[in-house]
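Read off the chains here:
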Amino acid sequence: MSALPSHLELVQGVVLPKPVGADPVLNFLNTRSDFDGRGPAANEWLTSYEALVIWSGYVGLLADASVFRLIEQASVKPTDATRRLDAAREFRADLYDVLTDEAATGSFDAVARAVGRSTARRQLSAVPADGIGVRATWELPEDLGLPLDQLALLAAELLTGTSRDHIRLCPGDNCGWLFLDPRGRRRWCSMATCGNRAKVRAHAARTR
Ligand SMILES: [Zn+2]
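In what follows, the accompanying structure is described. Each chain has its residues counted from 1, running along the sequence as written. It should be noted that, the model being predicted, local features are given only for residues of pLDDT at least 70 and side-chain atom pairs only at 80 or more, the latter also being counted only at that level, while totals for whole chains, interfaces and linings use all residues. Side-chain numbers here rest on the full set of heavy atoms in the structure, without hydrogens or water.

### Quick look at the nonpolar core
Moving on, step 1. Nine residue types can take part in a nonpolar core, namely buried Ala, Val, Leu, Ile, Met, Phe, Trp, Tyr and Cys, and a core is a set of them joined through side-chain atoms within 4.5 Å. Each residue's exposure class comes from its accessible area (1.4 Å probe, protein chains only) as a fraction of the maximum for that residue type: buried when under 20%, exposed when over 50%, partly exposed otherwise. Grouped together as the largest cluster of nonpolar side chains are 40 residues, with contacts concentrated most on Leu26, Phe28, Leu29, Tyr49, Phe91, Leu95 and Leu99.
Moving on, step 2. Only runs of H or I of at least four residues qualify as helices and only runs of E of at least two qualify as strands under DSSP, and these elements are numbered from the N terminus. For this core, the secondary-structure elements that each account for two or more residues are β2 (14-17), α1 (24-29), α2 (49-58), α3 (64-76), α4 (78-100), α5 (105-120), α6 (146-160) and β8 (178-180).
Moving on, step 3. Per-element tally for this core: the top contributor is α4, with eight residues.
Moving on, step 4. Grouped together as the second largest cluster of nonpolar side chains are ten residues, Leu8, Cys170, Cys175 and Cys194 included.

### What about the coordination of the zinc ion?
Moving on, step 1. Protein coordination at the zinc ion: the donors are Cys170 (SG), Cys175 (SG), Cys189 (SG) and Cys194 (SG), at 2.3 to 2.4 Å from the metal.
Moving on, step 2. Water is absent from the atoms considered, so a metal site may look incomplete; donors are defined as N, O and S atoms within 2.8 Å of the metal, or 3.2 Å for Na, K and Ca. For four-coordinate sites, all angles between 85 and 135 degrees define a tetrahedron; for four- and six-coordinate sites, opposite donors beyond 155 degrees with the remaining angles between 65 and 115 define square planar and octahedral shapes respectively, and all other cases count as irregular. Here the zinc ion is ringed by four donor atoms whose angles at the metal span 105 to 113°, and the overall shape comes out tetrahedral.
Moving on, step 3. Along the chain, the residues that donate to the zinc ion are spaced as C-x4-C-x13-C-x4-C. With cysteine 175 in the loop between β7 (167-169) and β8 and cysteine 194 in helix α7 (residues 191-207), the pair connects residues that are 19 residues apart, well separated along the chain.
Moving on, step 4. For cysteine 175, a relative accessible area of 7% gives the class buried.

### A short note on unusual backbone geometry
Moving on, step 1. Look at glutamine 12: it is not a glycine, yet its phi comes out positive at around 45°.
Moving on, step 2. Secondary-structure assignment places glutamine 12 in the loop between β1 (8-11) and β2.
Moving on, step 3. Residues other than glycine seldom take positive phi values, yet alanine 22 does so here, at roughly 65°.
Moving on, step 4. Take alanine 22: it is sitting in the loop between β2 and α1.
Moving on, step 5. Taking relative accessible area as the criterion, alanine 22 reaches 56% and is therefore assigned exposed.

### Here we look at the pairing of strand β5 (residues 123-128)
Moving on, step 1. Strands qualify as paired when DSSP identifies two bridges or more between them. Relative to strand β6 (residues 134-139), β5 is paired through six bridges, and the arrangement is antiparallel. The residue of β6 that forms the bridge with serine 125 is threonine 137.
Moving on, step 2. Connecting β5 to the next strand, β6, in antiparallel fashion are five residues, including glycine 133 with a positive phi near 70°.

### Quick notes on a nonpolar patch on the surface
Moving on, step 1. Note on patches: the residues involved have over 30% relative accessible area and no salt bridge, like charges join within 9 Å, and the nonpolar side chains Val, Leu, Ile, Met, Phe, Trp and Tyr join within 5 Å. Each accessible area is a Shrake-Rupley estimate made with a 1.4 Å probe; only the visible protein chains count as cover when residues are assessed. When a carboxyl oxygen of Asp or Glu lies within 4 Å of a side-chain nitrogen of Lys or Arg, that pair is called a salt bridge. A cluster of nonpolar side chains, Leu4, Leu10 and Val15, forms an exposed patch at the surface whose accessible area comes to about 210 Å².
Moving on, step 2. Following the sequence through the fold, valine 15 ends up in strand β2.

### Quick notes on the pattern of salt bridges
Moving on, step 1. Considering all chains together, one arrives at eight salt bridges under this definition.
Moving on, step 2. Two residues, aspartate 143 and arginine 121, come together in a salt bridge whose shortest N-O distance is 2.8 Å. Remark: arginine 121 occurs in the loop between α5 and β5 and aspartate 143 occurs in the loop between β6 and α6; sequence separation between them is 22 residues.
Moving on, step 3. Here aspartate 173 and arginine 201 are joined by a salt bridge, their closest N and O atoms 3.3 Å apart. Note that aspartate 173 is positioned in the loop between β7 and β8 and arginine 201 in helix α7, a separation of 28 residues in sequence.
Moving on, step 4. On the basis of relative accessibility, which here comes to 43%, the residue arginine 201 falls in the partly exposed class.

### Focus: the environment of tyrosine 58
Moving on, step 1. Looking at the element boundaries, tyrosine 58 is found in helix α2.
Moving on, step 2. In this structure tyrosine 58 comes out as partly exposed when scored by relative accessible area, which is 24%.
Moving on, step 3. For the pair tyrosine 58 and glutamine 12, spaced 46 residues apart in the sequence, the C-alpha separation amounts to 9.3 Å.
Moving on, step 4. Contacts are residue-level and defined by heavy atoms, with any inter-residue pair within 4.5 Å sufficient. Setting aside anything within four residues of it in sequence, one finds tyrosine 58 in contact with Glu9, Val11, Leu16, Pro17, Lys18 and Pro19.
Moving on, step 5. In terms of polar contacts, tyrosine 58 uses its side chain to reach the side chain of glutamate 9, at 2.8 Å. Residues adjacent in sequence count toward polar contacts only when both atoms are side-chain atoms; beyond that, a polar contact is any pair of N or O atoms within 3.5 Å, and within protein one must be able to donate a hydrogen and the other to accept it.

In C-alpha cells form, the structure reads like this:
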C-alpha cells in the first residue's frame, strides 16, 4: 500500500485530513477541499455518516465509547444516518459561506437556524460542585444528531467570540482551507502541503 500524503491520516479505516485549522469548527470545514460553489468537492473526506462520527472522535469532540455507540445506531437506522450526514455537509457549506463571503445572508440564516435547533436540544444537567451545592453542565442527547449539534454550538461560539477576527483563508491553489492566525504570522494551511507547493513553484520559476 502506498503511503498517504502527509496531510492525511488513516483513522479506524477512514482517511481523514489532519486537523490544521487550530479550531474544531475550522477543522470541520476543512473536511473537504476546493470550495468552489456547492458542487461536489474535489476532495471529500466525510464520505459516510460513520466517517463523520470517526472524524468527531479523532478531533476530540466525541469519546471513543460515543463513537462506537453512534456507529451502532447508524447501522440500525441507515436512512436517518444518511440524512444526518447530508445535514452536516449542508451546514458545513453554509458556515463556509458565512466565514468567507460577507454577502452570504441566506447562508447565515441557515446557520442561525441550525444553531437554534441544536441549542434547543441542550439540557441543563446537575453535577456535584467542587465546594458547596450543585453545578450544572450542558448535555446533548447521544443520538445521530449529536455530531452536528456539537459543531453548531461551537460554530456559534466561534462566530460570536474574539477568534472570529483571526480566521484566515489559505491562498494555496484549489485549497480553500481555513485556519486561525491570532498572531498574523501564518500564510498557509500547512507548510507540508500548500506552503511546500508554493516553495517548489517559486524555485522552478527562479531556475527557469
Ligand atoms: Zn492550503
